[in-house]
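A look at the structure
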Amino acid sequence: MRKSLAILSVLLLSATAGLAEDLVIGAGAGYRRPMAEAVAAWKAQSGDSVGEVYGNMGQVLGQARESGKMAMVCGDRAVLAKAEGLRFDRFLPLGTGKLVVAFRKGESLQDPAELAADRIAKVGIPDAKSAIYGKAGRQYLDRSGLAAKVDPKLVTVATVPQVTAYLISGDVDAGFLNITDAIGAGADLGGWVAVDPGLYPPIEISCGVLDASAEGFAAFLTTPAAQKILQHYGL
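All of the points below concern the structure found in this document.

Conventions we followed
- Residues numbered from 1 in each chain as written.
- Predicted model: local features only at pLDDT ≥ 70, side-chain atom pairs only at ≥ 80, totals over all residues.
- Heavy atoms only, no water.
- Helix = DSSP H or I, 4+ residues; strand = E, 2+ residues; numbered from the N terminus.
- Contact = heavy atoms within 4.5 Å.
- Buried < 20%, exposed > 50% of the residue type's maximum accessible area, 1.4 Å probe, protein only.
- Phe/Tyr/Trp six-rings, centres within 6.5 Å; stacked < 30°, edge-to-face > 60°.
- Pairing = 2+ DSSP bridges.
- Axes fitted to C-alpha atoms, helices over the stretch in contact; angles between N-to-C directions.

1. Structural notes on the side chain of Glu107
- With respect to the helices and strands, Glu107 occurs in the loop between strand 5 (99-103) and strand 6 (123-126).
- Excluding residues that lie within four positions of it along the chain, Glu107 makes contacts with Arg119, Ile120 and Asp173.

Take a look at the structure:
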């Protein structure tokens, strides 16, 4: 299953990036759901064709740099601001990212600390080297004192949606997600509990504008219609 998920991620990136669109945007895989809905609403309003690239932020930023055709990239502002070889004209804040611990159907957690319980055998986590919620999950485990008990249970994958897929398939009992993907997965999960935001650094989700062709969509993201979509997904 891990191999198929990795292949899917690569295909998703390559299938969208080669399109000759009026506008191409990229975003971290954990924000695919709200961005895709916002893009669909913008396309219906403007009539523009929009290419979408979602995946590991390192892959998305690399593709933006190499192609030179991506007009906007959305994700953790701290990561965007440090991206080598990309010069953003400005950043448009979308909201605050929130870390949660989700659990599969048939399981139930009332507190993230229950990850240390014996009944929780496998815990999914995005790669801390390349995924902001993997880094946040790592910091939570270290700062909460749970690392010694939970680390042997960790199953590391590339992106937040891959953790979600593992939860839905039952390959892990619990996992670290952003609230956006947890809300998007809905009834496919057993549920989720919020992690104390004091145990990981603040996560500011923003869109970095690379080209003036993104200004129309950027303006749309500030409208009540777009804000309703973003708020629905916890931003």
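2. A closer look at the side chain of Thr164
- Relative to the assigned elements, Thr164 resides in helix 7 (residues 160-169).
- The buried category is assigned to Thr164, whose relative accessible area is 3%.
- Setting aside residues no more than four positions away along its own chain, Thr164 makes contact with Leu177, Asp181, Ala185 and Leu189.

3. Digging into the packing of aromatic side chains
- A complete count under the given rule lists six aromatic pairs for this structure.
- Between the aromatic rings of Phe88 and Phe91, the centroid separation amounts to 5.3 Å while the plane-to-plane angle is 40°, which identifies the pairing as tilted.
- Judged by centre distance (6.1 Å) and plane angle (65°), the rings of Tyr140 and Phe176 are edge-to-face. Taken together, the residues span a long stretch of sequence, with Tyr140 in helix 5 (residues 132-144) and Phe176 in strand 8 (residues 174-178) at a distance of 36 residues. Taken individually, Tyr140 and Phe176 each receive the classification buried, so the pair is uniform in this respect.
- By the ring-pair criterion, three or more aromatic residues cluster together here, those being Trp42, Phe217 and Phe220.

4. A closer look at the sheet that holds strand 8
- The sheet built from five strands is open, its strands ordered 7-6-8-5-9 with mixed pairing. Sheet topology places strand 7 (154-157) and strand 9 (191-194) at the edges, where each strand pairs with a single neighbour. Mean inter-strand twist for the sheet, computed between neighbouring axes without regard to direction, equals 30°.
- Sheet topology places strand 5 next to strand 8; five bridges connect them, and they run antiparallel. Directly across from Phe103, in strand 8, lies its bridge partner Ala174.
- Packed onto the sheet, helix 7 meets strand 5, strand 6, strand 7 and strand 8 and runs at close to 145° relative to strand 8.

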